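Okay, here's what each chain looks like letter by letter:
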Amino acid sequence: MFKFFLAGSDAPKITDKSKIARLFKSHRLRIMLAITGGYGFYYTCRLPLSVVKKPLLDSGIFTANELGMIGSAFFYAYAFGKLVNGFLADHGNMKRVLPMGLLLTALVNLVMGNVLLLALWIVLWGINGWVQGFGAPGSVVTLSQWFSNRERGRYYGIWSTAHSIGEGLTFVGTAALVSLLGWHSGFWGPGILCVIVSVVMYIMMEDRPQTLGLPSIAEFNNDMPNAEEQEQIDKTSTLELQKLVFKRPAIWILGLSSAMMYVTRYAVNSWGILYLQEARGFSLIEAGSILGLNTVAGILGCVAYGFISDKLFDAKRPPVTLIFGLLEVISLFFIFVIPFDNIIILTAAFTLYGFTLSGILAALGGLFATDITPKKVTGAVMGLIGVFSYLGAAIQEQVSGFLIEKNMNIVDGVRHYDFSSVIVFWVGASVISLILATSLWRVKPKA
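## Here's the deal with the packing of aromatic side chains
Moving on, step 1. Tallied over the entire structure, the rule returns 26 aromatic pairs.
Moving on, step 2. Plain terms: the ring middles of F24 and W146 are 5.7 Å apart, the flat faces sit at 70 degrees to each other, and that makes the pair edge-to-face. Highlighted residues: F24 in helix α1 (residues 17-44) and W146 in helix α7 (residues 135-146), separated in sequence by 122 residues.
Moving on, step 3. Relative to F220, the ring of F24 has its centre 4.3 Å away and its plane inclined at 20 degrees; by these criteria the two rings are stacked. One end of the pair, F24, is in helix α1; the other, F220, is in helix α10 (residues 217-220), and 196 residues separate them in sequence.
Moving on, step 4. Judged by relative accessible area, which is 1%, F24 ranks as buried.
Moving on, step 5. Grouped by ring-pair contacts, the aromatic residues F62, F74, F75, Y78, W121, W125, W183, F187, Y262, Y266 and Y390 constitute a single cluster.
Moving on, step 6. Across the ring face of Y43, the terminal group of R46 is positioned such that the distance to the ring centre comes to 4.1 Å.

## Digging into a nonpolar patch on the surface
Moving on, step 1. Side chains of I323, L327, I330, F333, F334, V337, I338 and I345 sit close together on the surface and give an oily, nonpolar patch of about 620 Å² of accessible area.
Moving on, step 2. The element best represented in the nonpolar patch is helix α15 (residues 318-337), accounting for 6 residues.
Moving on, step 3. You can see I345 is positioned in helix α16 (residues 343-371).

## Some words on the nonpolar core
Nonpolar side chains tend toward joint burial in soluble globular proteins.
Moving on, step 1. Ranked by size, the top nonpolar core spans 122 residues in total, and within it W121, W159, L276, F336, Y390, F419 and W426 carry the most contacts.
Moving on, step 2. The greatest single-element share of this core, amounting to 14 residues, is contributed by helix α13 (residues 249-278).
Moving on, step 3. With sequence-adjacent residues up to four places away left out, L276 is seen in contact with G281, F282, A287, I290, L291, L346 and F350.

## Looking at the environment of G113
Moving on, step 1. Position of G113 relative to the elements: it lies in the loop between α5 (94-112) and α6 (118-132).
Moving on, step 2. Judged by its relative accessible area of 2%, G113 is buried.
Moving on, step 3. Sequence separation of G113 and S139 is 26 residues, and the distance between their C-alpha atoms is 28 Å.
Moving on, step 4. With near-sequence residues (within four places) excluded, G113 lies in contact with W183, H184, F187 and W188.

## Points about the packing of α1 against helix α8 (residues 152-181)
Moving on, step 1. As a packed pair, α1 and α8 sit with axes 7 Å apart at the nearest point and diverge in direction by 35 degrees. Read as a crossing pair, α1 and α8 show a hand that is right-handed. Mapping the contact onto sequence places R28, M32, I35, T36, Y39, G40, F41, Y43 and T44 in α1 and Y155, I158, W159, T161, A162, H163, I165, G166, E167, L169 and T170 in α8.
Moving on, step 2. Here the residues of the contact of α1 with α8 are counted per class, giving 11 nonpolar, 7 polar and 2 charged.

## Description of the environment of S430
Moving on, step 1. Tracing the sequence through the fold places S430 in helix α18 (residues 420-438).
Moving on, step 2. Take S430: its relative accessible area is 1%, and that puts it in the buried class.
Moving on, step 3. Distance from S430 to F368, taken between C-alpha atoms, is 18 Å for residues 62 residues apart in sequence.

## Let's talk about α6
Moving on, step 1. The first and last C-alpha atoms of α6 sit 21 Å apart over 15 residues, in line with the 21 Å expected at 1.5 Å per residue.
Moving on, step 2. Buried residues of α6: W121, L124, W125, G126, N128, G129, V131 and Q132, and no others.

## Let's talk about the side chain of S389
Moving on, step 1. Looking at the secondary structure, you find S389 in helix α17 (residues 378-406).
Moving on, step 2. From its side chain, S389 meets the backbone oxygen of I385 in a polar contact 2.9 Å long.
Moving on, step 3. If near-sequence neighbours (up to four positions away) are discounted, S389 is found in contact with G255, S258, A259 and Y262.

## Some words on the confidence of the model for the chain
Moving on, step 1. Scored by pLDDT, the chain has a mean of 84; 93% of the residues are at 70 or more.
Moving on, step 2. Model confidence for the chain, summarised as mean pLDDT per element, is weakest for helix α11 (residues 227-234) at 60 and strongest for helix α9 (residues 185-204) at 94.

## As for the state of the cysteines
Moving on, step 1. Under the definition given, this model contains 0 disulfides.
Moving on, step 2. Summary of cysteine pairing: C194 is not part of a disulfide, and the nearest cysteine sulfur, belonging to C45, is at 3.5 Å.
Moving on, step 3. Taking the relative accessible area as the measure of exposure, C194 reaches 0% and is therefore buried.

## Quick look at the packing of α16 against α17
Helix packing geometry: the angle between the two helix axes and the distance between the axes.
Moving on, step 1. Remark: α16 packs on α17, axes separated minimally by 9 Å, with the N-to-C direction vectors making an angle of 145 degrees. The interaxial crossing formed by α16 with α17 has right-handed handedness. Contact with α16, carried on its side by L364, G365, G366, A369 and T370, involves T378, V381, M382 and I385 of α17 and no other residues of that element.

## Looking at the pattern of salt bridges
Note on pairing: side chains with opposite charge can pair once their charged atoms come close.
Moving on, step 1. A complete count under the given rule lists 6 salt bridges for this structure.
Moving on, step 2. In this structure, R30 and E206 form a salt bridge, with 3.4 Å as the shortest nitrogen-oxygen distance. Remark: E206 occurs in the loop between α9 and α10 and R30 occurs in helix α1; sequence separation between them is 176 residues.
Moving on, step 3. Exposure remark for E206: the relative accessible area of 16% places this residue in the buried category.
Moving on, step 4. Residue K54 pairs with E278 through a salt bridge whose shortest N-O separation is 2.7 Å. Of the two residues, K54 is situated in helix α3 (residues 53-58) and E278 in helix α13; the sequence distance between them amounts to 224 residues.

Criteria and thresholds
Residues numbered from 1 in each chain as written. Predicted model: local features only at pLDDT ≥ 70, side-chain atom pairs only at ≥ 80, totals over all residues. Heavy atoms only, no water. Phe/Tyr/Trp six-rings, centres within 6.5 Å; stacked < 30°, edge-to-face > 60°. Helix = DSSP H or I, 4+ residues; strand = E, 2+ residues; numbered from the N terminus. Buried < 20%, exposed > 50% of the residue type's maximum accessible area, 1.4 Å probe, protein only. Lys NZ or Arg CZ within 6 Å of the ring centre and 35° of its normal. Patch = residues over 30% accessible without salt bridge, like charges linked within 9 Å, V, L, I, M, F, W, Y side chains within 5 Å. Areas by Shrake-Rupley, 256 points an atom, 1.4 Å probe, with all protein chains shown as cover. Salt bridge = Lys/Arg side-chain N within 4 Å of Asp/Glu carboxyl O. Core = buried A, V, L, I, M, F, W, Y, C linked by side-chain atoms within 4.5 Å. Contact = heavy atoms within 4.5 Å. Axes fitted to C-alpha atoms, helices over the stretch in contact; angles between N-to-C directions. Left-handed = near helix turned anticlockwise from the far one by under 90°. Nonpolar A, V, L, I, M, F, W, Y, C, P; charged D, E, K, R; others polar. Expected span 1.5 Å × (residues − 1). Polar contact = N/O pair within 3.5 Å; in protein donor to acceptor, adjacent residues only side chain to side chain. pLDDT = per-residue confidence, 0-100. Disulfide = S-S within 2.5 Å.

Set out below in structure tokens:
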């Protein structure tokens, strides 16, 4: 069964240059649509728990602390699943691996809507985390196989819109389903949809270009490293190059910076709707709509970050990360720290947050790391960064759940939540992330 998921052998080379160009154009368009749309739907099966938290709390099914335990199970499993799956992705056939991961996460969601045992939810959501770990490494391996170095920032930015697409579909579409049909539909709806999308994704995806008789994308786009570097890469096995990933100090700093940013990211994703309902008094539909606008802005932020860093800063990521990071911290102060009741200002702050966060995530979550490592190990480096990122998210889930539960009071039978302590944790994490990312100012891309 493992062999079924391995990358195919090279096919006899096509010599007709016009045919090669035509095939690359056709395949690249379909593949870009498949990994961007497909990975966006991965998110719809990752985030239902965020939408159904208040119904579960109000009905007394789970406490905030228990929901934190369930959420952290996902992130711990996702962190190590992303690492293992990332190393495997460097050897895999993404036409089979990526749709399979989406199908498995869909099946887990369908089961989640039918059970209510705490222990079973922790196990199932942990399994979901592991299979979700196929998505990002597999997508980035596909990007490295079909898009060359000079294009990476732009196409990585386009692909990174996937998480905003998925979050938007969840916070608007899933929230509407839950409001109309109850919390069960928050799992059933995404599950059914992603079964269908996994089939479409399989039809649109392809293995490496060489398995179709095409040259490598670096050769096709005349974007090869210098001869000495290329010779060294060619004579070094993928496994040996994967080991070298662990020896780059910049990768470890990127991982820590990403971990801190993921604390804030998943604090808003996991608890943002509850915060808007409890602290700001919005309905589920209103809260979901505000976060939905935030994710629409994120789509623009990903694309903007890629184009700005490629075109205006000659693929230098740290200066753009600093600009986006400062704006992101300012937006968090308007969302959480500065007291006001103006919904227009709050919505604008969430929009700025979504725009800037998505650009930062594109850089810290993989783009900058893949800039400074060989293409043969993009899956491994995504996996390693992913461990840091989602350990940060997992710790956030437990700490946030504990702090929210600790500062909850019941008055006349009604729960009231004080978010002041947990907000310090959320905003402080973004500040630390910005400091760590800025320390990599002098690190430059290389083959």
